[in-house]
Amino acid sequence: MTPVPREPGLEELLTAVAAGGEQAFERLYDRLAGPVYGLVLRVLRDPAQAEEVAQEVLVEVWRTAARFDTARGSGLSWVMTMAHRRAVDRVRSAQAAADREHRAGTRSAEVPHDHVVEEVTVRLEGERVRRCLGGLTEVQRQAVTLAFYGGYSYPEVAGLLRVPLGTIKTRMRDGLVRLRDCMGVER
């Protein structure tokens, strides 16, 4: 009976790969592609991403096989540690990208605030209101000014001006109609 040739261990294959052995890499690939893909898939949960990362890991094994040190552990643990780290890095990278997009989206939704434009607008509106107030009769202007700038209620305005409440309401209504028309406000 002819003895069956012994299959080399992963450590031996890694040593041969480090020396540039393409056949050794093929054998190594055949043995590790499934376990590497399985581990990466458990971390990423996306088959397409897992395939991509598994390929990256196996290419890294090809390029860095010379770094493998048998004194530090088995060949399987070295490759699987590399696969796990690469998968975790991909998850972190995807999360960081999602966070960046979220921050960018939040920032772009914020409307820049132009203080100069706001101040000029307020000043122009103030001048416009003063001009329109000047177009009211004296009694209308008094009632509107006390109510809106003084903060008084209609009954308080009536008491201050010693005029019946109904008269104040009429002056306010007429004054506000004239202000609305002067300011060009639509109903």
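This one's a predicted model, so the numbers in the text were calculated from it and none came from an experiment.

## A look at the packing of helix α7 (residues 154-161) against helix α8 (residues 165-183)
Part 1 of the argument: At a minimum axis separation of 9 Å, α7 and α8 run at an interaxial angle of 110 degrees. One way to sum up the angle between α7 and α8 is to call them roughly perpendicular. Along the contact surface, α7 presents Tyr154, Pro155, Val157, Ala158 and Leu161, while α8 presents Leu165, Ile168, Lys169, Arg171, Met172 and Leu176.

## Remarks on the nonpolar core
As a rule of thumb, nonpolar side chains are buried together in soluble globular proteins.
Part 1 of the argument: One finds Leu28, Leu32, Val36, Val40, Val57 and Val61 to be the most contacted residues of the largest nonpolar core, which totals 25 residues.
Part 2 of the argument: Among the elements that line this core, the one with the most residues is helix α2 (residues 22-44), at eight residues.
Part 3 of the argument: Apart from residues no more than four positions distant in its own chain, Leu28 is found in contact with Leu10, Leu13, Leu14, Val17 and Val61.
Part 4 of the argument: Counting residues in hydrophobic clusters, the runner-up holds 13 residues, among them Leu133, Leu136, Ala147 and Ala158.

## Describing unusual backbone geometry
Part 1 of the argument: You will see that Arg45, though not glycine, has its phi angle at about 65 degrees, which is positive.
Part 2 of the argument: Summarising the element assignment, Arg45 is placed in the loop between α2 and α3 (47-64).
Part 3 of the argument: Even without a glycine there, the phi angle at Arg162 is positive, about 55 degrees.
Part 4 of the argument: By secondary structure assignment, the location of Arg162 is in the loop between α7 and α8.

What counts, and at which threshold
Residues numbered from 1 in each chain as written. Predicted model: local features only at pLDDT ≥ 70, side-chain atom pairs only at ≥ 80, totals over all residues. Heavy atoms only, no water. Axes fitted to C-alpha atoms, helices over the stretch in contact; angles between N-to-C directions. Helix = DSSP H or I, 4+ residues; strand = E, 2+ residues; numbered from the N terminus. Parallel < 35°, antiparallel > 145°, perpendicular 65-115°, else oblique. Contact = heavy atoms within 4.5 Å. Core = buried A, V, L, I, M, F, W, Y, C linked by side-chain atoms within 4.5 Å. Buried < 20%, exposed > 50% of the residue type's maximum accessible area, 1.4 Å probe, protein only.

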